[in-house]
Amino acid sequence: MTTVRTTSQKREAFFQLHQTGCFTIPNPWNIGTAKCLEQMGFAALASTSSGHAYANGMPDGTQSLDMVLAHLAELAAAVNVPLNADFENGYADDIGQMQQNIIKCVATGIAGLSIEDTPQGGADGLYEFTEAVSRISAARAAIDQTGERVLLTARTEGFIRGAPDLEQTTRRIAAFVEAGADCIYAPGIKTREQISAVVAAANDRPVNVLCGSAIGLTVAELEQLGVRRISVGGALARVAMDGFLRVAQQIAQEGRFDGLGGIIGGAELDRLFSATSR
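To keep things clear, this report deals only with the structure shown in the data block. Note that the coordinates shown come from a computational prediction; the quantities given were computed from them, not determined experimentally. (Residues numbered from 1 in each chain as written. Predicted model: local features only at pLDDT ≥ 70, side-chain atom pairs only at ≥ 80, totals over all residues. Heavy atoms only, no water.)

## With respect to the overall build of the chain
Argument step 1. Broken down by element type, the chain carries eleven helices and eight strands.
Argument step 2. Here the chain, with 278 residues, has 50% of them falling under the buried criterion.
Argument step 3. Intrachain contacts of the chain at a sequence separation of at least 6 include 68% that bridge at least 24 residues.
Argument step 4. Surface summary for the chain: the accessible area is close to 12,700 Å², and the carbon and sulfur share equals 53%.
Argument step 5. Each charge sign in the chain was given a centre, from 22 positive and 30 negative side chains, and these centres are 5 Å apart. (Helix = DSSP H or I, 4+ residues; strand = E, 2+ residues; numbered from the N terminus. Buried < 20%, exposed > 50% of the residue type's maximum accessible area, 1.4 Å probe, protein only. Contact = heavy atoms within 4.5 Å. Areas by Shrake-Rupley, 256 points an atom, 1.4 Å probe, with all protein chains shown as cover. Lys, Arg positive; Asp, Glu negative; His and termini not counted. Charge placed at Lys NZ, Arg CZ, Asp CG, Glu CD.)

Listed below in structure tokens is the structure:
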């Protein structure tokens, strides 16, 4: 019988995962997908703001803070592995409010959280350099204030927010490391050159690479480049939505049910979730 980990044990395990090697941290968007991924043997999971939004019929970045905190608490309690929180910009432009929100986030039971250098909501544009660095420093201070061992990932969003400048990206990364980030994440980088530059700028801090699409590199190849952590963002949620939309559209437009052939059965899902109950 699996021993149920405490929150502190999950947090310690999460830090240990970042010390050597490379691991994949997939992104569930509800309890069912979290339990499935845990049963597959993934050592840690990460929330996805976009997957959570789509499951609730909302565009990414439009969820309220209370909605996100409730979702994180639900996911963290549902699994026995560490959970990293996709915490956007801390859900506040004001740094003091961001810090208060981070303290609330830590209280949900997550093992780590990521903070982006861009305002919430999906628009292009980053916080000015000095402000972005100050926000990571403030995030570090907020986590430390809780006295909890929660891993801070600093994200620089230029490659997915209209500013794909590798030199500026690495400049921010180096500054975020100095500001107290435990892990670095630059979503949107895809080439070996870009990934190698980010790993070098992180100066031995663990680097997360996003494989939200087929970037042509395997886990083994990314590990050889010095990557420590690999996430998929909202990609698995999009896979689920893609299948749902294609089959539902076939029913609506063609009056055919062919898309329902060969899918997983209810009995198999019942067995799966019976095995994950504890």
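## Focus on unusual backbone geometry
Argument step 1. Even without being glycine, Y91 reaches a positive phi, approximately 60°.
Argument step 2. Tracing the backbone through its elements, the reader meets Y91 in the loop between strand 3 (83-86) and helix 5 (95-106).
Argument step 3. Among the residues examined, Y91 registers a relative accessible area of 12% and is labelled buried.
Argument step 4. Although it is not a glycine, D204 adopts a positive phi angle of roughly 75°.
Argument step 5. By the element assignment, D204 lies in the loop between helix 8 (192-201) and strand 7 (207-210).

## A look at the pairing of strand 4 (residues 112-116)
Consecutive residues of a regular strand have side chains that alternate between opposite faces of the sheet.
Argument step 1. Burial of strand 4 is extensive: five of the five residues sit out of reach of the surface.
Argument step 2. With three bridges connecting them, strand 3 and strand 4 associate as parallel partners. By the bridge assignment, A85 is partnered in strand 4 with L113.
Argument step 3. In the classification by handedness, the crossover that spans strand 3, the intervening helix 5 and the parallel strand 4 is right-handed.
Argument step 4. As judged from the five bridges shared by strand 4 and strand 5 (residues 151-155), these two strands associate in the parallel manner. When the bridges of strand 5 are listed, I115 appears paired with A154. (Pairing = 2+ DSSP bridges. Right-handed = clockwise from strand over helix to strand, strands pointing away.)

## Quick notes on the pairing of strand 5
Argument step 1. Of all five residues in strand 5, five are buried; the element is thus mostly enclosed.
Argument step 2. Side chains of strand 5 alternate between two faces, with L151, T153 and R155 and L152 and A154 buried alike.
Argument step 3. Across three bridges, strand 5 lies against strand 6 (residues 183-185) in parallel orientation. Bridged to R155 within strand 6 is Y185.
Argument step 4. Considered for its hand, the β-α-β crossover made up of strand 5, helix 7 (residues 166-178) and strand 6 is right-handed.

## Brief notes about the sheet that holds strand 8 (residues 229-231)
Argument step 1. Read from one edge of the open sheet, eight strands run 1-8-7-6-5-4-3-2, paired in parallel fashion. A strand with exactly one partner marks an edge of an open sheet, and here the two such strands are strand 1 (23-25) and strand 2 (45-46).
Argument step 2. The sheet contact formed by strand 1 and strand 8 spans three bridges and is parallel. Counted as the bridge partner of F23 is R229 from strand 8.
Argument step 3. Sheet strands in contact with helix 1 (residues 7-17) are strand 1, strand 3, strand 4, strand 5 and strand 8, and its direction is about 130° off that of strand 1. (Axes fitted to C-alpha atoms, helices over the stretch in contact; angles between N-to-C directions.)

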